[in-house]
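What the coordinates show
The chain contents come next:
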Amino acid sequence: MKTNIKFSLFAVSALMLAGCQGFDEIVPASGTLLESQLKETTAAAPSRADAIYTGMYTKLGSPNGCGYDKPDDFGFIMIGFSSDLEAADVIMPNSNYNWFSVCGELTSRTATYRNPMIRYKICYDVISAAHDVMNSYDDASTEAATQAKLGEAYAIRAFSYLNLAPYFQFRYVDHQNDPCVPILTPETEDPGNNPRATVKEVYDLIISDLTTAIKKLDGWKRSDKSKIDQQVAYGLRARAYLNMGMYAEALADADSAMVGYEPASIADVSKPFLYDINEKNWIWGYDMTEALTSASSNAAYATTTSWLRPFSGDGYAPACQTYCFINSLLYEKISATDVRKGWWVDENLESPLLDGLTWDNLTGQAIATDLIDGVKEPFIPLTNVKFGVKKLGTTTNDEDWCWMRVEEMILIKAECLANLNKEAEATAVLEDFVKTYRDPAYSAVAGGRNLKDEIWFQRRVELWGEGFSNNDTRRLGKPLVRFHGDKKNNYPDAFRFNLTPDDGWWLMRFPQTETNNNSAIVDNSDGNIPALDQNPDLRDGVTD
């Protein structure tokens, strides 16, 4: 029996949308492709199957991945960046050069805006690419390379749903039976009438896909860290189980994911880092290349180097002073003995991470304070210098992106132990990591927080800017706390508000194209756009 592979609107590569408006004018996709035809084509031309496989990975973080050729179009990397800006710890100035201001003010729920459209569309584009891989290779093959490619496709499909599910519904433990996002598989009969699956159904698919991936990748040695191997699949399943509150399972998978990896040392993080896929602590990353960042007029600007890293010679952050900086509420809680305190310049624009660095004619602290006309503005207080570049003043902006590193797995392990009532073991794991690799004077009780909040604090500092903040806040059932009462911190007025954990405005809305072309979608509608200084008395247990 022949299987029809049916594609939703977001699976059709020919539909390249150019702006925020007019989405409702796009007609639904109605084409189908016979699975047998795809297999026949790739069998006749194996290079086509290999190109489909390579393209699945490229699309994850490629500039202009959705076809807009705009500085905010860079795939799953942009999803993490946007999500962090919607939370409490990562801030950008409220200026005309901030292309992500919709995230700071949470108007990113507007159905016709490009930002939420990219974040939705790219996930289903990659899901479609994974289906192409699944249907290009023979599942019955005994070749290890073929089975590995299929395993990687299953893992990437799961990764895609992990980038959707936490944002369209509240946390799994309380909302398993509530509507989440549509599930699209090769067996989906009618993408135009495809209702939202429940949170449980989405996570069931995620766990099933990752379990399949782990089996198919057993014994496989990948060519480089840009590809998924069995340990990456274990790490992704650890994240999924953590979201689900299944702590024993998450603990076991985190242990499997981190085997053979070592955290970055104090010396490693005493200078800007997290830019090279070959860094020893990376488990999985995106290998950004100059070919990708030079492929179009805006490609170099649609990168983390342009927006998140303050050392580019041709980027939005340095040229327009739209630097990413840390919420002072969190920064003030970091111990002076912690090397991570230097991941951000202080109020005097100084950081030990700048010592010995040279950019143009600037050396050391002058990098933060001085102006390079037309290239770089002075830093602003608490600008991050965590994220480095291959060469200060780069114009290629081809720095790599870390999807997963061993430090995350260690923190997952500590959190799981704490939730399994093994507090002594959790404390030992946490203190061993922080004292050995970040702060020799560290004590888990010194901050006065309970153990679970202390672990969350460590996640917020260690993984700052890496795309975890929004999901962590919501899966833990915490409020969004950007400011305290009358205390004026460094949040711009337009972004200064707090949200309760159950505020319906947390939830993303579906792009207008999807609601227009999928008649079964019932959109999220609760909550209201936040107001300046709302909920001033909310506290999160970390920045109190």
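Further up the page is the structure itself.
Described below are features of the structure shown in this document. Since this is a predicted model, take the numbers as computed values, not measurements. (Residues numbered from 1 in each chain as written. Predicted model: local features only at pLDDT ≥ 70, side-chain atom pairs only at ≥ 80, totals over all residues. Heavy atoms only, no water.)

**Quick word on the side chain of Thr303**
Within the fold, Thr303 resides in the loop between α12 (290-293) and α13 (304-307). Residue class for Thr303 comes out buried when judged on its relative accessible area of 2%. Of the polar contacts made by the side chain of Thr303, one reaches the backbone oxygen of Ala300; its length is 2.8 Å. Polar contacts involving the side chain of Thr303 include one to the main-chain amide nitrogen of Ser306, which spans 3.2 Å. (Helix = DSSP H or I, 4+ residues; strand = E, 2+ residues; numbered from the N terminus. Buried < 20%, exposed > 50% of the residue type's maximum accessible area, 1.4 Å probe, protein only. Polar contact = N/O pair within 3.5 Å; in protein donor to acceptor, adjacent residues only side chain to side chain.)

**Looking at empty space enclosed by the protein**
Summed over all chains, the structure comprises eight cavities of 30 Å³ or more. If you add up the space inside the largest cavity, you get close to 360 Å³. Looking at the largest cavity, it is lined by 23 residues, and the ones nearest its centre are Phe159, Asn163, Arg239, Gly467 and Phe468. Mapped onto the lining of the largest cavity, the elements with two or more residues apiece are α3 (75-86), α6 (144-162), α10 (230-244), β10 (401-405), α17 (406-419) and α20 (469-475). Ranked by residues supplied to the lining of the largest cavity, first place goes to α3 with four residues. When the residues that make up the lining of the largest cavity are grouped by side-chain class, the tally is 11 nonpolar, six polar and six charged. (1 Å grid on protein atoms, 1.4 Å probe; cavity = no way out; pocket = protein on both sides within 12 Å on 5 of 7 lines; lining within 4 Å. Points joined across faces, edges and corners; volume = space filled by probe spheres on them. Nonpolar A, V, L, I, M, F, W, Y, C, P; charged D, E, K, R; others polar.)

**Points about the packing of α17 against helix α19 (residues 451-462)**
Their axes nearest at 10 Å, the elements α17 and α19 cross at an angle of 170°. The angle between α17 and α19 places the two elements in the roughly antiparallel class. For the pair α17 and α19, the contacting residues are Glu407, Glu408, Leu411, Ile412, Ala414, Glu415, Ala418 and Asn419 in the first and Leu451, Lys452, Ile455, Gln458, Arg459 and Glu462 in the second. Within the contact of α17 with α19, the residues separate by chemical class into six nonpolar, two polar and six charged. (Axes fitted to C-alpha atoms, helices over the stretch in contact; angles between N-to-C directions. Parallel < 35°, antiparallel > 145°, perpendicular 65-115°, else oblique. Contact = heavy atoms within 4.5 Å.)

**A short note on the environment of Asp533**
The residue Asp533 is located in the segment after α21 (512-517) in this model. Residue classification places Asp533 among the partly exposed positions, given a relative accessible area of 26%. With 220 residues separating them along the chain, Asp533 and Gly313 place their C-alpha atoms 36 Å apart. Within the local environment of Asp533, its side chain forms a polar contact with the side chain of Arg496, the two groups lying 2.6 Å apart.

**Considerations on the nonpolar core**
A general tendency of soluble globular proteins is for nonpolar side chains to be buried together. Counting 157 residues, the largest nonpolar core has Leu60, Tyr161 and Trp284 as its most contacted members. In this view, Tyr161 contacts Tyr124, Ile127, Pro166, Val181, Pro182, Ile183, Leu184, Val202, Leu205 and Ile206; residues no more than four positions away in its chain are not counted. The next biggest cluster of nonpolar side chains, apart from the first, holds nine residues, and it includes Phe170, Leu480, Leu499 and Leu507. (Core = buried A, V, L, I, M, F, W, Y, C linked by side-chain atoms within 4.5 Å.)

**Details of the pairing of β10**
Each regular strand displays side chains that alternate between the two surfaces of the sheet. By the criterion of burial, β10 is predominantly enclosed, with five of the five residues buried. Pairing geometry for strand β6 (residues 282-286) and β10, over four bridges, is antiparallel. Paired with Trp284 across the two strands is Met404, which belongs to β10. (Pairing = 2+ DSSP bridges.)

**What to know about α6**
With 19 residues, α6 extends 27 Å from end C-alpha to end C-alpha; this agrees with the ideal 27 Å at 1.5 Å per step. Judged by how many residues are buried, α6 sits mostly within the fold: 17 of 19 residues are covered. (Expected span 1.5 Å × (residues − 1).)

**Notes on the packing of aromatic side chains**
In the structure shown here, the tally under the stated rule is 28 aromatic pairs. Taken together, a centroid distance of 6.4 Å and an interplanar angle of 40° make the contact between Phe74 and Phe81 tilted. Across the pair, Phe81 and Phe74 agree in class, each one buried. Seen in terms of ring centroids, Tyr286 and Trp403 are 6.3 Å apart; in terms of plane orientation they differ by 90°. Their pairing is edge-to-face. Here Trp403 lies in strand β10 and Tyr286 lies in strand β6, a separation of 117 residues in the sequence. You'll find Tyr286 and Trp403 in the same group, each marked buried. An aromatic cluster is defined as three or more aromatic residues linked by ring pairs; in this entry it consists of Phe74, Phe81, Trp99, Phe100, Tyr301, Trp307 and Tyr316. Over the ring of Tyr53 we find Lys149; its NZ or CZ atom is 4.9 Å from the centre of that ring. In this arrangement the basic side chain of Arg449 is found over the ring face of Phe457, its NZ or CZ atom lying 4.0 Å from the centre. (Phe/Tyr/Trp six-rings, centres within 6.5 Å; stacked < 30°, edge-to-face > 60°. Lys NZ or Arg CZ within 6 Å of the ring centre and 35° of its normal.)

This is a description of form; function is not addressed.
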